[in-house]
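Architecture at a glance
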Amino acid sequence: MLTFPSKTKLFWSVLHTLPLPPPPKTTTISKKRAAEQNCLSLLELCNTFPKLSQLHTYILKLGLQSNPFVLTRFASTSSDLNAIHYASSFLFAPEAKTHLYDVFLFNTVIRAYAQTKDSKQSALFYYKMMVKDRIFPNKFTYPFVLKACAGIGELSLGLIVHGSVVKYGFSDDIHVLNTMVHMYCSCGGGVNFGRKVFDEMSKCDSVSWSAIIGGYARLGMSSEAVGLFRKMQIAGVRPDEITMVSVLSACTDLGALELGKWVSSFVEKEKLQKSVELYNALIDMFAKCGDVDKALRLFRNMAEKDIVSWTSLIVGMAMHGRGLEAVLLFEEMRSNGIVPDDVAFIGLLSACSHSGLVEKGRQYFELMSKEFGIVPKIEHYGCMVDLLSRGGLVKDALEFVQSMPIEPNPVIWRALTTACRARGELKLSESMTRKLIKQEPMLESNYVLLSNIYAKLLKWEKKTTIREVMGQKGIRKIPGSTMIELDNEMYEFVSGDKTHIEYKEIYEMLDEMGKELRRAGYVATTSEVLLDIDEEDKEDALNRHSEKLAIAFALLKTPPGTPIRIVKNLRICEDCHSATKFISKIYNREIVVRDRNRFHHFKDGLCSCGDFW
DNA sequence: GGCAAAAGGC
């Protein structure tokens, strides 16, 4: 009987004629797979160099040293620097098999290095190696490489990488461009390049805006940062919580409390994710814009706090002269099991020094190295010198400086000089100010210090020569400026400013203020004026100080009884401090002044700093 | 099997 083979049968017969692979050795393959799986999961747990080294031996024993999965995981497992070094030295050893390298492996190694603190240079080294080995970068490579450049902060390097991005055709990728903006903003002198890249982007998302806003904010170009945030809203891009962190840090820098409050309600309204970082930025903003109690309330509402949250509030308390509360917070932090770091100690020590807690400060300084193993940095020494000097212990401060294992910096000389001058140790103060001038020959305020000392020593001819020296050196003058926020606008005044549209009214107010002040018994403190002019002109120069202009403006523009908040870029001068006390009483206003160092709350003719700052 | 932006300092 003849039967036609069915299709199925035919199929089977064909199959049977094909040469078959050797029968699967099921046991060995699954053993290999199991070993690979086991190895991968072990690598996941392996985050230190010794563990990795042990595992390396194990990998060799199993014969998995050319398994691409294992190799890549091996490179990516750890954030520990030694482990990364170990992994890459093994992967790229001269005897290693080059054919195993692929883009993914390089990206992994580059990423690992780009995320380290101090070895970003290595990321660029492996990028160069990759290009030399003719392995072409892909769209994931450049964000890592650019991140590494941003960390190193060298513009020339960034420009070269920008060239490669163009060469390899990634100049349309939004991730690459966003990181490029960030890279330029992190390299000295690169912010304009960053802006150019940003402006030329065909499509921007919230990350692009965050990168450029954050870039300006980090550089202290806070008005530009806020301006760009407004443009972002006009452009209709929805900000996320990271954008708001950058905007908040610009508000903090400007002292723009009203804008900061607006950001805070915007976060609520838009239901943005309240990350720890966002909370921390809010706490910092409220504390540094004058409302430290609001910062405290926010802090208490936080479900999860990290070391930055605690430190922000401790520093905030310190700035407002509430040192005891800062100390209590520090202790509360410790009892919550959070281990203080070096920055937390800077906050704590500065709190002690602003509130005259000399003994406490000394104890904590000891505790820092003894119990927490933190090696004191120049900042910690600075706090201690400040603490002792402010506490009137000039001799102790001097001994402390002599026993320091590191070279004193200008901050330390300045603290000492000021203390000596306040204690009448004028000779000593003079010699230290000269050291200060040696270290910072271009800083105007140092010459002002020296000139004040000569004025007290009645050495007029020396005082005159200082001006000549300054002229010869072409000293860069940091103009004192005061900012005030009214009706959602920031106004900035410099000394003798006539650029404001209502300057005539402001100067009339200033004259009236002057009369009222003298009637109340105010006497101008003319010793801090550097100019070699007669007393009456000196008084006039003081009268036009930016602080006084801003206060006059606020008195004109706000209803009686409203508190006045101003922000000065330098330390408030002695004369303005004394005048503001009178103004708070005469006009019955609470005046909150943030200067470079701290807050002064003026009320009823008194200041919260107790005239000691 | 992977990518971008963020918080505290004398």
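In this text the structure is predicted, and so the values were computed from the model without any measurement.

Overview of the protein's contact with DNA strand B
Taken together, 42 residues surround DNA strand B, and among them N107, N178, D240, N280 and K288 come closest. Sugar plus phosphate, as a fraction of atoms of DNA strand B within 4 Å of the protein: 42%. S210 places a polar side-chain atom, nitrogen or oxygen, 3.2 Å from a base nitrogen of DNA strand B. The separation between a base nitrogen of DNA strand B and a polar side-chain atom of D240 is 2.5 Å. Top contributing element to the surface near DNA strand B by residue count: helix α18 (residues 307-319), with five residues. Residues that form the surface near DNA strand B fall into these classes: 16 nonpolar, 13 polar and 13 charged.

Thoughts on unusual backbone geometry
Residues other than glycine seldom take positive phi values, yet K271 does so here, at roughly 55°. The residue K271 is located in the loop between α15 (257-269) and α16 (276-288) in this model. You will see that D604, though not glycine, has its phi angle at about 50°, which is positive. Take D604: it is sitting in the loop between β5 (599-603) and β6 (606-607).

Describing the packing of aromatic side chains
Summed over all chains, the structure comprises 23 aromatic pairs. With centroids separated by 5.0 Å and ring planes inclined at 85°, the aromatic side chains of F125 and Y126 adopt a geometry described as edge-to-face. Consider the rings of Y503 and Y507, whose centres lie 6.2 Å apart with planes at 80°: the pair is edge-to-face. With Y503 and Y507 both in helix α28 (residues 503-519) and four residues apart, the pair spans about one turn of that helix. Taken together, F92, F106, Y113, F125 and Y126 form an aromatic cluster joined through their ring pairs.

Focus: the packing of helix α30 (residues 546-557) against helix α31 (residues 574-586)
Two elements in contact, α30 and α31, have axes separated by 10 Å at closest approach and are oriented at 20°. In terms of axis orientation, α30 runs roughly parallel to α31. When the axes of α30 and α31 are compared, the crossing they make is right-handed. Contact residues: α30 offers E547, K548, I551 and L555, while α31 offers D575, C576, A579, T580 and I583. When the residues that make up the contact of α30 with α31 are grouped by side-chain class, the tally is five nonpolar, one polar and three charged.

Side note on the sheet that holds strand β4 (residues 591-594)
Pairing is mixed in the open sheet, where six strands are placed in the order β2-β1-β3-β4-β5-β6. Single-partner strands in this sheet number two, and they are β2 (489-494) and β6. Where β5 meets β6, two bridges bridge the pair, whose relative direction is antiparallel. In the strand pairing of β6, F602 is matched with C607.

Some details on the pairing of β4
Side chains I591 and V593 project from β4 onto one buried face, and the interleaved V592 and R594 project onto a second face that is buried too. Bridging between strand β3 (residues 564-568) and β4 involves four bridges; their strand directions are parallel. By the bridge assignment, I564 is partnered in β4 with I591. Assessed by its sense of winding, the connection that carries the chain from β3 through α31 to β4 is right-handed. The pairing of β4 with β5 spans four bridges and is classified as antiparallel. Pairing of R594 across the sheet is with F599, part of β5. Between β4 and the antiparallel strand that follows it, β5, lie four residues.

Quick look at the UniProt feature "repeat: PPR" (unreviewed entry) in chain A
Under the feature "repeat: PPR" (unreviewed entry), the UniProt entry names residues 102-137, 205-239 and 275-309. Overall, residues 102-137 shows 69% helix and 0% strand. The separation of its end C-alpha atoms is 10 Å.

Points about the side chain of R390
Residue position: R390 is located in helix α22 (residues 378-390). Reaching out from R390, the side chain makes a polar contact with the side chain of D386 at a distance of 2.8 Å.

Notes on the environment of Y86
Within the secondary structure layout, Y86 lies in helix α5 (residues 81-91). Taking the C-alpha atoms as reference, Y86 lies 31 Å from L159; in sequence the two are 73 residues apart. Excluding anything up to four places from it in sequence, Y86 contacts F49, L52, S53, H56 and F74. A distance of 2.6 Å separates polar atoms of two side chains, one belonging to Y86 and the other to H56.

A few points about the nonpolar core
Core analysis: the biggest nonpolar cluster contains 140 residues, and Y142 and I213 have the highest contact counts within it. Sequence-distant contacts of I213, defined by excluding residues within four places in its chain, comprise A225, L228, F229, M232, T243, S246 and V247. Core analysis: the next-biggest nonpolar cluster, separate from the first, contains 31 residues, I484, Y522, F553 and V593 among them.

Remarks on the packing of helix α20 (residues 342-354) against α22
Closest axis-to-axis distance for the α20/α22 pair is 9 Å, and the angle between their directions is 10°. If you check the angle between α20 and α22, you find them roughly parallel. In contact with D342, F345, I346, L349, S350, C352, S353 and H354 of α20, α22 contributes E379, H380, C383, M384, D386, L387 and R390. Of the residues in the contact of α20 with α22, the class split is seven nonpolar, four polar and four charged.

Thresholds applied
Residues numbered from 1 in each chain as written. Chains lettered and ligands numbered in written order. Predicted model: local features only at pLDDT ≥ 70, side-chain atom pairs only at ≥ 80, totals over all residues. Heavy atoms only, no water. Near = heavy atom within 4 Å. Polar contact = N/O pair within 3.5 Å; in protein donor to acceptor, adjacent residues only side chain to side chain. Helix = DSSP H or I, 4+ residues; strand = E, 2+ residues; numbered from the N terminus. Nonpolar A, V, L, I, M, F, W, Y, C, P; charged D, E, K, R; others polar. Phe/Tyr/Trp six-rings, centres within 6.5 Å; stacked < 30°, edge-to-face > 60°. Axes fitted to C-alpha atoms, helices over the stretch in contact; angles between N-to-C directions. Parallel < 35°, antiparallel > 145°, perpendicular 65-115°, else oblique. Left-handed = near helix turned anticlockwise from the far one by under 90°. Contact = heavy atoms within 4.5 Å. Pairing = 2+ DSSP bridges. Buried < 20%, exposed > 50% of the residue type's maximum accessible area, 1.4 Å probe, protein only. Right-handed = clockwise from strand over helix to strand, strands pointing away. UniProt positions renumbered as here; feature names shortened; annotations may be inferred. Core = buried A, V, L, I, M, F, W, Y, C linked by side-chain atoms within 4.5 Å.

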